[in-house]
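Fold and geometry: a report
Single-letter residue listing:
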Amino acid sequence: MGAQPGRVGPNAILQSREALEALGGVELAVRVFEAAGLLPLYDVPPVEMVPQDKAMALHRAIRAALPEDEALWAAREGGYRTGRYILAKRIPKFAREMLQILPAPLAGRLLLKAIQKHAWTFAGTGRVITAPGPPMEIVIEDNPLAQPGCPWHGSVFETLFGRLVAPHVRVSHPACCATGAPACRFLIDISGA
Ligand SMILES: [Zn+2]
């Protein structure tokens, strides 16, 4: 699979489905997919990249169809599950082990590079810029999946950096496209303070 304009990895949908089913069973998941106009993707889950508009529609429907606390939980849970999927299936074992034994700032730099390289999977047409900091920073200009506070993205980054770089990672999101900023900025603090 390579980058294609306007597409993101299927986990933006698949893991959100898992999160919704964990929250309220099949009934709730079907209701949200239906609200998003995505029942066909519920019946036949995507195995390859998906149009970013469809991932956006699902993430928006989660917020629109559920009470605020449940929507936040589902978005974060979808992000955690996506992070765990990437750790298990997309990062080779030797790379995981190498990152885990390297000093955190160095492991962080390498992980940022890998994230930059695969940015299309979570940012679609958004332009991704990373900086080693500290704190490390991931910027997504015109983030096509932005939701206020971007709980899905934050949870993906928290999972990856928490498992591969430093267990006490803190991810903050001081600027967001969904609330008018030109770019979504994520700060990743591994200082442990
Ligand atoms: Zn955002």
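Before reading further, recall that the structure is shown in the block above.
These lines cover the structure that appears in this document, whether it is placed above or below. Note that the coordinates shown come from a computational prediction; the quantities given were computed from them, not determined experimentally.

Comments concerning the environment of A71
Take A71: it is sitting in helix α4 (residues 68-90). A residue is classified by how much of its surface remains accessible, and A71, at 6% relative accessible area, is buried. Residues A71 and P5, spaced 66 residues apart in sequence, show a C-alpha to C-alpha distance of 28 Å. Dropping the residues within four chain positions of it, A71 is found in contact with I62, R63 and L66.

Digging into the layout of surface pockets
Its volume calculated, the largest pocket comes out at about 760 Å³. Along its surface, the largest pocket is lined by 34 residues, and I86, R90, I91, H118 and T121 are the ones closest to its centre. At the level of elements, α1 (11-35), α4, α5 (93-101), α6 (104-117), α7 (120-123) and α8 (151-164) are the ones that each hand at least two residues to the lining of the largest pocket. Here the lining of the largest pocket gets 6 residues from one element, more than from any other, and that element is α6. Class assignment for the residues of the lining of the largest pocket results in 25 nonpolar, 6 polar and 3 charged. One number sums up the size of the second largest pocket: a volume of about 270 Å³. In this structure, the second largest pocket is lined by 16 residues; those nearest its centre are R63, A71, L72, P148 and P151. Only α3 (52-65), α4 and α8 provide two or more residues apiece to the lining of the second largest pocket. The element contributing the most residues to the lining of the second largest pocket is α4, with 4 residues. In terms of residue class, the lining of the second largest pocket is made up of 11 nonpolar, 3 polar and 2 charged.

Focus: a nonpolar patch on the surface
The grouping of M98, L106 and L110 at the surface amounts to a nonpolar patch, some 230 Å² of accessible area in total. Mapped onto the elements of the fold, M98 is located in helix α5.

Some details on the coordination of the zinc ion
Only C150 (SG), H173 (NE2), C176 (SG) and C184 (SG) from the protein reach the zinc ion as donors, at distances of 2.2 to 2.3 Å. The site at the zinc ion holds 4 donor atoms, and with the angles between them running 100 to 116 degrees, its shape is tetrahedral. Donor residues for the zinc ion, ordered by position in the chain, follow C-x22-H-x2-C-x7-C. Separated by 11 residues along the polypeptide, H173 in strand β5 (residues 170-175) and C184 in strand β6 (residues 183-189) bring together distant segments of the chain. Across the pair, exposure class does not vary: H173 and C184 are buried alike.

Quick look at the pattern of salt bridges
Pairing between side chains becomes possible if they bear opposite charge and their charged atoms approach one another. For the coordinates displayed, the defined rule picks out 9 salt bridges. Measuring nitrogen to oxygen at the nearest pair gives 2.8 Å for the salt bridge that ties R81 to E77. On the criterion of helical spacing, the pair formed by R81 and E77 is a turn pair, its members being 4 residues apart in helix α4. For R81, a relative accessible area of 22% translates into the label partly exposed. On the basis of relative accessible area, E77 is assigned to the buried category, the value being 13%.

A look at the nonpolar core
As a rule of thumb, nonpolar side chains are buried together in soluble globular proteins. Within the largest apolar cluster, 55 residues are counted, with the highest numbers of intra-cluster contacts made by L20, F122, I138 and F161. A total of 7 residues in this core trace back to one element, the largest contributor, which is α1. L20 has contacts with G25, L28, A29, V32, F33, I62, L66 and A74, leaving out every residue within four places of it along the chain.

Some remarks on the pairing of β6
Burial analysis of β6 places 5 of its 7 residues in the buried class, the great majority of the element. Alignment of strand β4 (residues 136-141) against β6, held across 6 bridges, turns out to be antiparallel. Opposite M136, over in β6, you have I188 as the bridge partner. Judged from the 4 bridges that link them, β5 and β6 form a sheet pairing that is antiparallel. Within β6, the position partnered with V171 by the bridge is I188.

Rules used throughout
Residues numbered from 1 in each chain as written. Predicted model: local features only at pLDDT ≥ 70, side-chain atom pairs only at ≥ 80, totals over all residues. Heavy atoms only, no water. Helix = DSSP H or I, 4+ residues; strand = E, 2+ residues; numbered from the N terminus. Buried < 20%, exposed > 50% of the residue type's maximum accessible area, 1.4 Å probe, protein only. Contact = heavy atoms within 4.5 Å. 1 Å grid on protein atoms, 1.4 Å probe; cavity = no way out; pocket = protein on both sides within 12 Å on 5 of 7 lines; lining within 4 Å. Points joined across faces, edges and corners; volume = space filled by probe spheres on them. Nonpolar A, V, L, I, M, F, W, Y, C, P; charged D, E, K, R; others polar. Patch = residues over 30% accessible without salt bridge, like charges linked within 9 Å, V, L, I, M, F, W, Y side chains within 5 Å. Areas by Shrake-Rupley, 256 points an atom, 1.4 Å probe, with all protein chains shown as cover. Salt bridge = Lys/Arg side-chain N within 4 Å of Asp/Glu carboxyl O. Donors = N, O, S within 2.8 Å, 3.2 Å for Na, K, Ca; no water. Tetrahedral: all angles 85-135°; square planar, octahedral: opposite > 155°, others 65-115°. Core = buried A, V, L, I, M, F, W, Y, C linked by side-chain atoms within 4.5 Å. Pairing = 2+ DSSP bridges.

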